[in-house]
Amino acid sequence: MGKGFFISKTLTIAGVIVGAGAVATIIALSVVYSQEKAKNQEVKPTNGGTSPPTTTQVTPWDPWDHYRLPDSLSPVSYNITLWPRLEASRSTGLYIFTGRSAVVFECKKPTDLILIHSNKLNLTLINGHHARLTGLDGATPPNIKDSWLQPVTQFLVIQLDGRLQAGNRYELYSDFTGELADDLGGFYRSEYFVGEIKKVVATTQMQPTHARKAFPCFDEPAMKAVFHMTLLHPHGTVALANGMNVGRYGTVALDVTQTSFQATPIMSTYLLAFVVSEFDFIRSPEGEKVLIRIWARKQAIEEGQGDYALEKTGPILEFFEKYYTTDYPLNKSDQIALPDFSAGAMENWGLITYRETALLFNNASSSNADKEWIATVISHELAHMWFGNLVTMRWWNDLWLNEGFATYVSYLGANSAEPTWNYTDLIVMKEVYKVMSVDALASSHPLSTKEQDIMQPAQISELFDSITYSKASAILRMLSEFLTEPVFARGLSTYLNTFKYGNTVYQDLWNHLQTARLMTVCLIVIMNRWILQMGFPLVSIDTTNGHITQNHFLLDPESVVDRPSEFQYEWIVPIKWIKSGTEQTPFWLKSLVSKALVKSSALYLIDDASSLYSDTHPPLKMIGSDWVLANTKVSGFFRVNYDTANWERLLTQLSTNHEVIPVINRAQIVDDAFNLARAKTVSTKLALRTTLYLQKEREYMPWEMADRNLGYFFLMFDRSEVYGPMRAYLRKQVMPLFNHFQAITANWTKIPDNHLDQYTQVRAISLACSSGVPVCEALMTSWFQAWMKTPEKNPIHPNLRQTVYCGALAAGGVEEWNFAWKMYKEAPIASEAEKLMYGLTCTREPWLIQRYLTYCLDPEKIRKQDATFTMVYIAGNVVGQSLVWDFVRANWNYIYNDYGSGSFSFGRLIEGITRRFSSEFELKQLQQFIKENSDQGLGSASQAVEQALERTKANIKWVAENKADVFQWFTDNSKLI
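Anyway, here's the lowdown on the structure attached to this text.

The rules we used
- Residues numbered from 1 in each chain as written.
- Predicted model: local features only at pLDDT ≥ 70, side-chain atom pairs only at ≥ 80, totals over all residues.
- Heavy atoms only, no water.
- Helix = DSSP H or I, 4+ residues; strand = E, 2+ residues; numbered from the N terminus.
- Buried < 20%, exposed > 50% of the residue type's maximum accessible area, 1.4 Å probe, protein only.
- Contact = heavy atoms within 4.5 Å.
- Areas by Shrake-Rupley, 256 points an atom, 1.4 Å probe, with all protein chains shown as cover.
- Pairing = 2+ DSSP bridges.
- Axes fitted to C-alpha atoms, helices over the stretch in contact; angles between N-to-C directions.
- Left-handed = near helix turned anticlockwise from the far one by under 90°.
- Nonpolar A, V, L, I, M, F, W, Y, C, P; charged D, E, K, R; others polar.
- Disulfide = S-S within 2.5 Å.

1. Observations concerning the overall build of the protein chain
- Check the secondary structure of the protein chain and you find 30 helices and 31 strands.
- Burial statistics for the protein chain: of 977 residues in total, 63% are counted as buried.
- Taking as baseline every contact in the protein chain between residues at least 6 positions apart, the subset at least 24 positions apart corresponds to 73%.
- Split by element, the accessible area of the protein chain, about 35,300 Å² in all, is 51% carbon and sulfur.

2. Let's talk about the sheet that holds strand S7 (residues 155-164)
- Read from one edge to the other, the open sheet built from 3 strands follows the order S3-S7-S6, with strand pairing classed as antiparallel. Of all the strands in the sheet, the pair left with one neighbour each is strand S3 (111-117) and strand S6 (144-150). Taking the axes of each pair of neighbouring strands and ignoring which way they run, one obtains an average angle of 20° across the sheet.
- Where S3 and S7 come together, 6 bridges link them in antiparallel fashion. Its bridge partner being in S7, Ile114 is matched across the sheet by Ile158.

3. Focus on helix H7 (residues 427-439)
- Summarising burial for H7: 10 of the 13 residues are buried, a large majority.
- Among the residues making up H7, those that are buried are Ile427, Val428, Met429, Glu431, Val432, Tyr433, Val435, Met436, Val438 and Asp439.
- Looking at the buried side of H7, the elements it contacts are helix H6 (399-417), helix H9 (466-483), strand S31 (639-642), helix H15 (663-678), helix H17 (700-717) and helix H30 (942-973).

4. A few points about the packing of helix H24 (residues 846-856) against helix H26 (residues 881-890)
- Where H24 meets H26, the closest approach of the two axes is 10 Å, and the angle between their N-to-C directions is 35°. With respect to the hand of their crossing, H24 and H26 are arranged in right-handed fashion. The segment H24 lies against H26, with Pro846, Ile849, Gln850, Leu853 and Thr854 engaging Leu883, Val884 and Phe887.
- Along the lines of polarity and charge, the residues of the contact of H24 with H26 split into 6 nonpolar, 2 polar and no charged.

5. What to know about the state of the cysteines
- Under the counting rule described, the total for this entry stands at 2 disulfides.
- The side chain of Cys769 participates in a disulfide bridge whose partner is Cys776; the two sulfur atoms lie 1.8 Å from each other. Linking Cys769 and Cys776, the disulfide has an S-S dihedral of approximately -85° and is accordingly described as left-handed. As far as the burial class goes, Cys769 and Cys776 line up, both buried.
- Here Cys806 pairs with Cys842 through a disulfide, and the sulfurs are 2.0 Å apart. Taking the torsion about the S-S bond as the criterion, the Cys806 to Cys842 disulfide, at about -100°, is left-handed. Highlighted residues: Cys806 in helix H21 (residues 798-811) and Cys842 in the loop between helix H23 (830-839) and H24, separated in sequence by 36 residues. Like Cys842, Cys806 is buried.
- When the bonded cysteines of the protein chain are counted from the start of the sequence, the pairing works out to 1-2, 3-4.

Below, the structure is given as structure tokens:
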């Protein structure tokens, strides 16, 4: 680690006083920068790690009209001092921060231009310019000729009267003021109450392009540097940053405390973090190799809400050290729970920031799902300490590798911390099948795109979607499966050691994995087909002759795929399979376009030339009652279809002895069948028949997949005559499961010991109550009424609360709703508030829903971080769906500007509200919405809107083609025998 870097106390105070004195004139400007509609110019982006940066100027546009930095300058270090004001200005009512920054950079190519990112900062003029330039080590700097801010591309532009010389180092100094807003980006403000007293936290979220809102910087991932931080903060508060604090003392002149921190390792700007708060912490024992601290509100720490996170962080950190065979690079790991935070968590190196729900746990009020979420998020963020922080993507187009990898190994890390959960299996439901529904759209996108296609901040934010996280994790899991996990981990270790503190592109990882496997061919041949083209294959097996084929799977087979693929939407597919319950020899299904490659020894990952097939695999030919089931454990990212006879044999097996089929593959059969039916590959009746055996099923995963897929039917038909028999069928199917858990829990007085059984219990109650089982509805109501009588003692088990709150509020009226709202506002832990927040959306009273919608745009009632989630929850309520759609359209300008066109949650909002759309009227409304907002654009929601259009059109066709058959099937099969 680098030594602590100190600056002169006099300089620190003088610089910040200058900023403070300029507030009156500067702050008025800081909130009026307009974000004009940007022009995305095609440039070659900055490089890093594997090759030097390059930028091509595109005429006639000036360099500051491009969104990418040129390759002429490279940052070395920053010296930053910031002073956040935790009280609003009496004159303006605004919260602000002042600061100074000195960035040392090296000139790589002679240039008379400095471009550095700056967004929504007011820079104090120094000798008539926005910054001061000095030379280092004897270098003579040219004079500044002109300087200005370029709001569209978010640059501070500095023109010089001479050239900076290659090989020389210079320092650029600036004083500035910014607003400490509540917009959840950059250096921002979070608030909470202790009794009636409001407390303010100054905190950060730099990813992806918000560091430039905190101080002028070269804000690209490949522009790594060392950061020296100093924070001025009120007495009685504590300051945190990426490094350990190395100096803390009071300043008489300003009546504040000044804290300096160890220099960071060389790292990207998006990983920088700093916090000023009145929080408290718990820590790991003295003498541990790595200091681990859990920070949160004092009340949360006193109540032990950080204990579980502290208990599991150490073991997970040790797991990853062994997995990567590389020590954790820092000497401390601070983890802090923030009342307001846009994402789930952020992997800032040495100071990980979390939503409270992702870090804090209370045995009295948190569920097993809450505990699982905490373990998973901690594991995800700690995985980034190596993969993402130590070695970083060169540009955002490879974000999928960062986030997909952390998502995949988060299951391994969490499983190591909670080995009784069998947690690694859940990736199939939580990631693989979740994202397949998106990737089966013609409007999906590849994992990796060209750098020049991702330029604007809104385009970068749009990448933070389920394809980037979930599909990438599924593909990497598949890769690990066919390489084997030890080989996969060995390749990762050499990759990390080779590129530590640098930047890479995804091909660098493939090369190291290939070397670890001692393969005779480039792994890129296989993997490019999975990352450079969108979608995934449907593998079709005919067991009458062993014939096997593949094609691009689309939920709407009539949709037009207008995105070309050099691989013609064919894949090289690893096939694992079983025959009548017995594992068989795996093989590869090659794409037709790769026949020439396959004929070489290049693809013989399974060391048998006969294991490669493109059309016929004789062992797949079945006789008698034998059946085939491919993609065992859903280790591959594809769906499977069979000939009719094999489907019938699988259905027979399910009905006679379903446990012969592995539990994951029972879930697979259900999910594949329903999705194939939506794609018109099999009949809808066949898909529905996969649920008939569920009366005997007691495992969580098959029930979860059945619930999700029948949930689509409810979305399509809960406003039609199909709803009655459909609900009756579900009630009939779930009753045995409901009775089973009622018996083994002694009439709901106990909780099952097994982790997944606890989930199944919740699913049994949820489905039974939603389908109208009378005793279930009475049970929910009685529990909730008991709580209303004694609000200080909640009798409902935490596992069941979200389900019970929803059911009771759906059955109740304004009295129940008002009570739940009061409990929401008084909830002592965020996870309990989140359950109530969801339950409140379940009311069937339109006027209460309308009231709740107005609360969503009032940060005093619903935190900004929760507003879009609340609206999406309301859209899941058949009564609320049209209300929230009308509300969002009426308030779109406010929502767009308040959350910003680059908000992570923008896409989720559109996707959630439009899920039920299935009529021509709703399609026209959606098209009109797009037209009305074409001028200002839809920001990071643009892709979600395109997917909503495609999904709505597919829903309309599917309902028209299937409604009559579905109605008849549910009518016939809902009758009690």
